[in-house]
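# A look at the structure
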Amino acid sequence: MSDKDRPFFVGYLPAPKALRGLLLAVCVLFISGLAGFGLALGIAQDDPGEGAFRFDYGRQTVTGVVELTPYPLLRVTEGNERIPAGHTLMLAGGGKTNVESRAIPLEGQLAQVSGVLLERGSLDMMQVRGGRNGLQAAEGDAPVFETIPLGRWKLAGEICDGKCLAGAMRPGRGLAHKACANLCLLGKVPPVFVSTQPVDGSEFLLITGPDGGHLPESAYHYVAQFVSLEGEVERRGDLLVLRLDPDTLEVLE
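The model shown is predicted, which means the values in this text are computed figures rather than measured ones. What you see as residue numbers is a count from 1 along each chain, following the sequence as written. Only residues with pLDDT of at least 70 get local features here, since the model is predicted, and only at 80 or more are side-chain atom pairs given and counted; chain-wide, interface and lining totals rely on the full set of residues. Side-chain measures here rest on the full set of heavy atoms in the structure, leaving out hydrogens and waters.

## Some points on the pattern of salt bridges
- Salt bridges are identified by distance alone: a Lys or Arg side-chain nitrogen within 4 Å of an Asp or Glu carboxyl oxygen. All told, the structure shown has nine salt bridges when counted by the stated rule.
- For the salt bridge of Glu-119 with Arg-54, the shortest nitrogen-to-oxygen distance reads 3.3 Å. Placement of the pair is Glu-119 in strand E5 (residues 110-120) and Arg-54 in the loop between strand E1 (51-53) and strand E2 (60-68), with a sequence separation of 65 residues.
- Accessibility here uses a 1.4 Å probe with only protein chains present; expressed as a share of the type maximum, an area under 20% marks a residue as buried, one over 50% as exposed, and anything in between as partly exposed. The partly exposed category is assigned to Glu-119, whose relative accessible area is 22%.
- A salt bridge links Arg-236 to Glu-67; the nearest nitrogen and oxygen atoms lie 3.2 Å apart. Separated by 169 residues along the polypeptide, Arg-236 in strand E11 (residues 227-236) and Glu-67 in strand E2 bring together distant segments of the chain.
- On the basis of relative accessibility, which here comes to 10%, the residue Arg-236 falls in the buried class. Secondary structure elements follow DSSP: runs of H or I of four or more residues count as helices, runs of E of two or more count as strands, with numbering from the N terminus.

What follows is the structure, given as structure tokens:
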């Protein structure tokens, strides 16, 4: 049937073959442009390297002072060959769980922590083993550590769950990982912001709410997307903490 003989109906527009070819070419160019734009966004963010559970390191046991941001941290005072003294270690439980209920009674005290290390570049986290041997009080006086304010920053990057990003899942970031990341964050696994540019030497920042509380659930919509945001940054040992201003969150297109 020729174009002139084809019955007209809503949604069909008779057009010469040359015009149809031009429209097809425009569509192909548009789709290619979108793909290129997505690739450009991906390239804009530095690759932090591969991550993994480091079972090859064996079980790691260290001692330090428990802090809450409210996400549990250990300011290591007695380390080992893998985890040096002076390091600030983020803590998480098995699966998509946290260790808050175990850490809160030990806040500000010396504790011994044992578990498996997850490591991706300069980012690491310990999955604390279950039971008393995973997290328990240690003898001795706990030193007092200072928190150093670094001022307000405007950054671009991606909000991730720190455990999968550190190596529990691969790739552990990006839109394909969004649902998994949100489940981890709902489980109060420490969230991490991956910045496109280093802040005081680090591209990984533990991210919290504006008052230092849990990351607000309003921010979960922005997880795994390329975003800009602002917030106050502070240093806790060798770990940076970003106190997000939720009103500044914006998806970059």
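## Points about the nonpolar core
- Counting residues in each nonpolar core, the largest one holds 36 residues, and the members touching the most others are Phe-193, Leu-215 and Leu-229.
- Per-element tally for this core: the top contributor is strand E12 (residues 239-251), with six residues.
- It only takes one pair of heavy atoms within 4.5 Å for two residues to be counted as in contact. With residues up to four places along the chain from it excluded, the contact list for Leu-215 reads Tyr-71, Ile-159, Leu-185, Pro-191, Ile-207, Thr-208, Gly-209, Tyr-220 and Leu-244.
- Take the buried residues of types Ala, Val, Leu, Ile, Met, Phe, Trp, Tyr and Cys, join any two whose side-chain atoms come within 4.5 Å, and each joined set is a nonpolar core. Judged by nonpolar contacts, the second largest core, of 18 residues, contains Val-66, Leu-68, Ala-111 and Val-113.

## Focus on the confidence of the model for the protein chain
- For every residue, the pLDDT score states the predictor's confidence, bounded by 0 at the bottom and 100 at the top. On average, residues of the protein chain score 84 in pLDDT, and 80% of them are at 70 or above.
- Throughout residues 1-15 the model reports pLDDT below 50, and contacts reaching past four residues in sequence, or to other chains, amount to nine contacts.
- Here residues 25-48 is modelled with pLDDT under 50, and outside its nearest four sequence neighbours on either side it reaches 20 contacts, counting other chains as well.

## Concerning helix H4 (residues 178-186)
- Among all positions of H4, only Cys-180, Ala-181, Asn-182, Cys-184 and Leu-185 are buried.
- Buried residues along H4 sit against strand E8 (148-161), helix H3 (162-168) and strand E9 (191-199).
- Backbone geometry just downstream of H4 places Lys-188 in the positive-phi region, at approximately 65°.

## Side note on the sheet that holds strand E10 (residues 202-208)
- Strands pair, by our definition, only if DSSP identifies at least two bridges between them. Strand order in the closed barrel made by the five strands is E8-E9-E10-E12-E11, with mixed pairing throughout. Neighbouring strand axes in the sheet, compared pairwise and without regard to direction, differ in orientation by 50° on average.
- Two elements, E8 and E11, share eight bridges in a ladder whose sense is antiparallel. The residue bridging Gly-157 from the neighbouring strand is Val-227, located in E11. Each axis is a line fitted through C-alpha atoms, taken for helices only over the stretch in contact, and angles between the N-to-C directions span 0 to 180 degrees.

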